[in-house]
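Results of the structural survey
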Amino acid sequence: MDIISYIKKVPKAELHLHIEGTFEPELMFEIAQRNQVKIPYNSVEEVKKAYQFNCLQDFLDIYYAGASVLLYEQDFYDLTMAYFKHCAEENVVHTEIMFDPQTHTKRGVSFETVISGIKRAQDDAAKNFGITSYLIMSYLRHLSEEDAFETLEQSLPYKHLIKAVGLDSSEKGNPPSKFQKVFAASVKEGYKIVAHAGEEGPAEYVWEALDLLKIDRIDHGNNSLTDEKLVNYLVENKMALTVCPLSNTALRVVDDLKQHPIKKMLDLGIKATVNSDDPAYFGGYITKNYTEIIEALSLSLEEVKTLVSNSFEYSFLDEETKKKYLQMVHEN
Ligand code: ADE
Ligand code: ZN
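The paragraphs below set out a description of the structure included in this document. What you see is a predicted model, and the numbers here were worked out from it, not measured in a lab. (Residues numbered from 1 in each chain as written. Chains lettered and ligands numbered in written order. Predicted model: local features only at pLDDT ≥ 70, side-chain atom pairs only at ≥ 80, totals over all residues. Heavy atoms only, no water.)

1. Looking at helix H9 (residues 180–188)
Among the residues of H9, those classed as buried are Val 182, Phe 183 and Ser 186. With its buried residues spanning 100° around the axis, H9 presents them on a single face. Projecting away from the buried face of H9 at angles above 90 degrees are the exposed residues Lys 181 and Lys 188. Those residues of H9 that are buried are in contact with strand E3 (132–140), helix H8 (145–155), strand E4 (164–168) and strand E5 (192–197). Just beyond H9, the residue with positive phi is Gly 190, at close to 100°. (Buried < 20%, exposed > 50% of the residue type's maximum accessible area, 1.4 Å probe, protein only. Helix = DSSP H or I, 4+ residues; strand = E, 2+ residues; numbered from the N terminus. Arc of directions from axis to C-beta. Contact = heavy atoms within 4.5 Å.)

Shown next, in the form of structure tokens:
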């Protein structure tokens, strides 16, 4: 079987996906209309044209503006269900979904509204498509640690629905150390820990995420490669990176997919995975991330199997379920 057919068919896990980043312009228009919220675009084409970014902040401004039409439980259900339909089409059998409560609670939408809509879609996706999913509640790093503490407090009645906490939004100038206390408190509550680090920020931020936040997995982590000691640490400790190729080119973290560092990461022995980050904004869901990076870097079937295996191995699934999927990766 050729590699492209393999990647389309094989069961996959996605470990880095922002649910607000799956908001397709068509659905955005539909929800804006039914909620009678004005958006600064006249057509779907106009929205798509606005998706040209020079850096992370360019994207975040548009991403938060788009999310502002989400008001009711049904909106969060529709958003999440649309993503699960993509998963079903692409053989994503397990996904660990990030959501940004503060993007919504800051606008007066309750934590309960957000999580109830997402949870109902998770239940329906499990029932109808057999897809399992976990939630990662992400703190917005451009806001204060006090704000994050408030979010942690709001999450506690729903703790059984949330697997991990994360850290996202504007990286530069907002180092992991700013959130050391709230992550320690989150660990105490039983949450697993991830954080965006080394996307636009330096390798030093990756060290901080490891040493101060005690992370279980790194989101992006590209800039780790500038620090040899850090690379050795990641390899020795099997610390996985959730890499997002199309996000990296869309946000100019990487100039060209041909220069993408994921092959180098594999060569060094880093546990890299492939993910879509914000697929509605960056031009493709997980399969497209795989196929484009396979073509740009001429990845071998062996390398692709390693990437897919890593997506299960470094998920938060239990060991028995991991084993079942890992067997399928190698049988396919
Ligand atoms: N929020 C959504 N996508 C993000 C990204 N790629 N980096 C930081 N914050 C984000
Ligand atoms: Zn991300």
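2. Regarding the packing of helix H2 (residues 25–35) against helix H5 (residues 73–89)
Here H2 crosses H5 at 170°, and the two axes come no closer than 11 Å. In terms of axis orientation, H2 runs roughly antiparallel to H5. Contacts from Leu 27, Ile 31, Arg 34 and Asn 35 of H2 reach H5 at Gln 74, Asp 75, Asp 78, Leu 79 and Ala 82. Looking at side-chain class alone, the contact of H2 with H5 contains 4 nonpolar, 2 polar and 3 charged residues. (Axes fitted to C-alpha atoms, helices over the stretch in contact; angles between N-to-C directions. Parallel < 35°, antiparallel > 145°, perpendicular 65-115°, else oblique. Nonpolar A, V, L, I, M, F, W, Y, C, P; charged D, E, K, R; others polar.)

3. Concerning the coordination of the zinc ion (ligand 2)
Under ideal tetrahedral coordination, the four donors around a metal are separated by 109.5 degrees; under ideal octahedral coordination, the six donors are separated by 90 or 180 degrees. Surrounding the zinc ion (ligand 2) are the protein donor atoms His 16 (NE2), His 18 (NE2), His 196 (NE2) and Asp 277 (OD), which sit 2.0 to 2.3 Å from the metal. One can describe the donor arrangement at the zinc ion (ligand 2) as irregular, given that its 4 donor atoms subtend angles of 84 to 175° at the metal. Every donor residue of the zinc ion (ligand 2) comes from the same chain, spaced as H-x1-H-x177-H-x80-D. Of this pair, His 196 sits in strand E5 while Asp 277 sits in the loop between strand E8 (272–274) and helix H14 (279–282), placing them 81 residues apart in sequence. (Donors = N, O, S within 2.8 Å, 3.2 Å for Na, K, Ca; no water. Tetrahedral: all angles 85-135°; square planar, octahedral: opposite > 155°, others 65-115°.)

4. Describing the site of ligand 1
Near ligand 1, the surroundings consist of His 18, Leu 56, Phe 59, Leu 60, Tyr 63, Asp 168, Ser 169, His 196, Glu 199, His 220, Asp 277 and Asp 278. Here Ser 169 contributes a backbone N or O atom positioned 2.8 Å from a nitrogen atom of ligand 1. A distance of 3.4 Å is found between a nitrogen atom of ligand 1 and a side-chain nitrogen or oxygen belonging to His 220. Across the complex, the protein chains shield 100% of the 260 Å² of accessible surface that ligand 1 would expose by itself. A per-class count over the shell around ligand 1 returns 4 nonpolar, 4 polar and 4 charged. (Near = heavy atom within 4 Å. Polar contact = N/O pair within 3.5 Å; in protein donor to acceptor, adjacent residues only side chain to side chain. Areas by Shrake-Rupley, 256 points an atom, 1.4 Å probe, with all protein chains shown as cover.)

5. Structural notes on the pattern of salt bridges
Applying the stated criterion to the full structure yields 13 salt bridges. Among the ionic pairs, Arg 217 bridges to Glu 96, the shortest N-O distance being 2.9 Å. Placement of the pair is Arg 217 in strand E6 (residues 217–220) and Glu 96 in strand E2 (residues 92–99), with a sequence separation of 121 residues. Here the two residues Arg 217 and Glu 96 agree in accessibility, since each one is buried. Each member of the salt-bridge network shares a partner with another, and the members are Glu 30, Arg 34, Asp 75 and Asp 78. (Salt bridge = Lys/Arg side-chain N within 4 Å of Asp/Glu carboxyl O.)

6. Quick notes on the sheet that holds E3
Spatial ordering of the open sheet is given by E1-E2-E3-E4-E5-E6-E7-E8, a layout of 8 strands whose pairing is parallel. Looking at strand neighbours, the two that pair on one side only are strand E1 (12–18) and E8, the edges of this open sheet. Direction aside, the axes of adjacent strands within the sheet are offset by 25° on average. Pairing analysis gives 4 bridges linking E5 to E6, with the strands arranged parallel. The partner of His 196 across the bridge, within E6, is Asp 219. (Pairing = 2+ DSSP bridges.)

7. Points about the nonpolar core
Counting residues in each nonpolar core, the largest one holds 110 residues, and the members touching the most others are Phe 99 and Tyr 281. Those residues in contact with Tyr 281, other than ones at most four positions away along the chain, are Glu 20, Gly 21, Phe 23, Met 28, Tyr 51, Phe 53, Phe 59, Ile 62, Tyr 63 and Gly 66. Core analysis: the second largest hydrophobic core is formed by 5 residues, Ile 136, Ala 164, Val 194 and Phe 316 among them. (Core = buried A, V, L, I, M, F, W, Y, C linked by side-chain atoms within 4.5 Å.)

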